[in-house]
Amino acid sequence: MNKLLAACAFLVASPAFATGLEIDVAGDANGTVVIDLFEDVAPKHVEQITALAAEGAYDGVVFHRVIEGFMAQTGDVEFGKVGGDTSGAGRGGSSRPDLPAEFSDLNFDRGVVGMARSQNPNSANSQFFIMFDEGAFLNGQYTVVGKVTSGMEVVDQIKLGKGANGSVLGVPDQMKAVRVID
């Protein structure tokens, strides 16, 4: 009986893996994007993303780097919140530790979601990007965490960056609300 109670307590205390995210986008693009997360491919990254989403950390975070024909990047919960100075967006992460790379043999095709990082492969934290097109040069170099299953037409409408390295000038689009879904 004690073993059964201990097992139940462990399951309740363990983080539950969700299967995806539902993101309400606002700005030049308006609509909902649904992402299927790949728990079996990148379990540590998926756990971190879903924990941040469940806490509301992604709500109001801008798409700070958007490069036509390449990708839209977001997720800087430290410097990317609407209402604050977002000029540093892209430099920050979260209060959680950086993650070790979880590379796979999955390709960076249109709609694939990958984790952003610095030059250090083990530096991904909270930022992620959604591919507009195929980017084979990223294969095996960045962690794949999921794929857009609905709302790619919304992603295609996200305000493009015109600044250095694709930085969005003026008022960037934002993830108004991010929900963890089953």
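Below is a short write-up of the structure. (Residues numbered from 1 in each chain as written. Predicted model: local features only at pLDDT ≥ 70, side-chain atom pairs only at ≥ 80, totals over all residues. Heavy atoms only, no water.)

## Re the nonpolar core
And then number 1: Ile 23, Ile 35 and Tyr 58 are the most contacted members of the largest nonpolar core, which totals 34 residues.
And then number 2: Among the elements of the structure, strand 1 (20-26), strand 2 (31-37), helix 2 (43-55), strand 6 (112-115), strand 7 (128-131), strand 8 (144-150), helix 3 (152-155) and strand 9 (174-181) are those that each provide at least two residues to this core.
And then number 3: Considering each element in turn, this core owes the most residues, 4 residues, to helix 2.
And then number 4: Once you skip the residues sitting within four places of it in the chain, Tyr 58 turns out to touch Ile 49, Leu 52, Ala 53, Gly 75, Val 77, Lys 81, Ser 126, Phe 128, Met 175 and Val 178.
And then number 5: Listed in part, the 10 residues of the second largest apolar core include Phe 38, Met 71, Val 112 and Met 131. (Core = buried A, V, L, I, M, F, W, Y, C linked by side-chain atoms within 4.5 Å. Buried < 20%, exposed > 50% of the residue type's maximum accessible area, 1.4 Å probe, protein only. Helix = DSSP H or I, 4+ residues; strand = E, 2+ residues; numbered from the N terminus. Contact = heavy atoms within 4.5 Å.)

## A word on the pattern of salt bridges
And then number 1: Evaluated as defined, the whole model comprises 4 salt bridges.
And then number 2: Taking the shortest distance from any N to any O, the salt bridge between Arg 96 and Glu 55 comes out at 2.3 Å. Separated by 41 residues along the polypeptide, Arg 96 in the loop between strand 5 (71-74) and strand 6 and Glu 55 in helix 2 bring together distant segments of the chain.
And then number 3: Since its relative accessible area comes to 52%, Glu 55 is described here as exposed.
And then number 4: Counted as one network, the salt bridges with shared partners bring together Glu 22, Asp 24 and Arg 179. (Salt bridge = Lys/Arg side-chain N within 4 Å of Asp/Glu carboxyl O.)

## A word on the sheet that holds strand 8
And then number 1: Spatially, the 9 strands line up as an open sheet ordered 3-9-1-2-8-6-7-5-4, and their pairing is antiparallel. Since the sheet does not close on itself, it has two edges, and those belong to strand 3 (61-62) and strand 4 (65-67), each with one partner.
And then number 2: Summarising the sheet, strand 3 and strand 9 pair through 2 bridges and their orientation is antiparallel. What sits directly across from Val 61, in strand 9, is Met 175.
And then number 3: Across the sheet, helix 2 lies against strand 1, strand 2, strand 6, strand 8 and strand 9, angled at about 115° from strand 9, the strand it touches most. (Pairing = 2+ DSSP bridges. Axes fitted to C-alpha atoms, helices over the stretch in contact; angles between N-to-C directions.)

## Let's talk about unusual backbone geometry
And then number 1: Positioned with a positive phi, Asn 165 is a non-glycine residue whose angle comes to about 55°.
And then number 2: Structurally, Asn 165 is set in the loop between helix 3 and strand 9.

## Some remarks on the side chain of Thr 50
And then number 1: As for its position among the elements, Thr 50 is in helix 2.
And then number 2: A polar side-chain atom of Thr 50 sits 3.1 Å from the main-chain carbonyl oxygen of Glu 47. (Polar contact = N/O pair within 3.5 Å; in protein donor to acceptor, adjacent residues only side chain to side chain.)

## Some thoughts on the packing of aromatic side chains
And then number 1: Scanning all chains against the criterion turns up 4 aromatic pairs.
And then number 2: Measuring from ring centre to ring centre gives 6.1 Å for Phe 129 and Tyr 142, while their planes differ by 80°; the resulting arrangement is edge-to-face. Placement of the pair is Phe 129 in strand 7 and Tyr 142 in the loop between strand 7 and strand 8, with a sequence separation of 13 residues.
And then number 3: Under the relative-accessibility criterion, Phe 129 is labelled buried at 4%.
And then number 4: Residue classification places Tyr 142 among the partly exposed residues on the basis of a relative accessible area of 22%.
And then number 5: Chaining the aromatic ring pairs together yields one cluster made of Phe 108, Phe 129 and Tyr 142.
And then number 6: Over the face of the ring belonging to Phe 79 we find Arg 91, whose NZ or CZ atom lies 4.8 Å from the ring centre.
And then number 7: Its guanidinium or amino end placed over the ring of Tyr 142, Arg 117 lies 4.0 Å from that ring's centre, counting from NZ or CZ. (Phe/Tyr/Trp six-rings, centres within 6.5 Å; stacked < 30°, edge-to-face > 60°. Lys NZ or Arg CZ within 6 Å of the ring centre and 35° of its normal.)

## Considerations on helix 2
And then number 1: An ideal rise of 1.5 Å per residue puts 18 Å on 13 residues; helix 2 measures up with 18 Å between its terminal C-alpha atoms.
And then number 2: Of all the residues in helix 2, the buried ones are His 45, Val 46, Gln 48, Ile 49, Thr 50, Leu 52 and Ala 53.
And then number 3: Check the buried side of helix 2 and you find it contacts strand 1, strand 2, strand 6, strand 8 and strand 9.
And then number 4: Of the residues flanking the end of helix 2, it is Gly 56, one or two places downstream, whose phi is positive at about 85°. (Expected span 1.5 Å × (residues − 1).)

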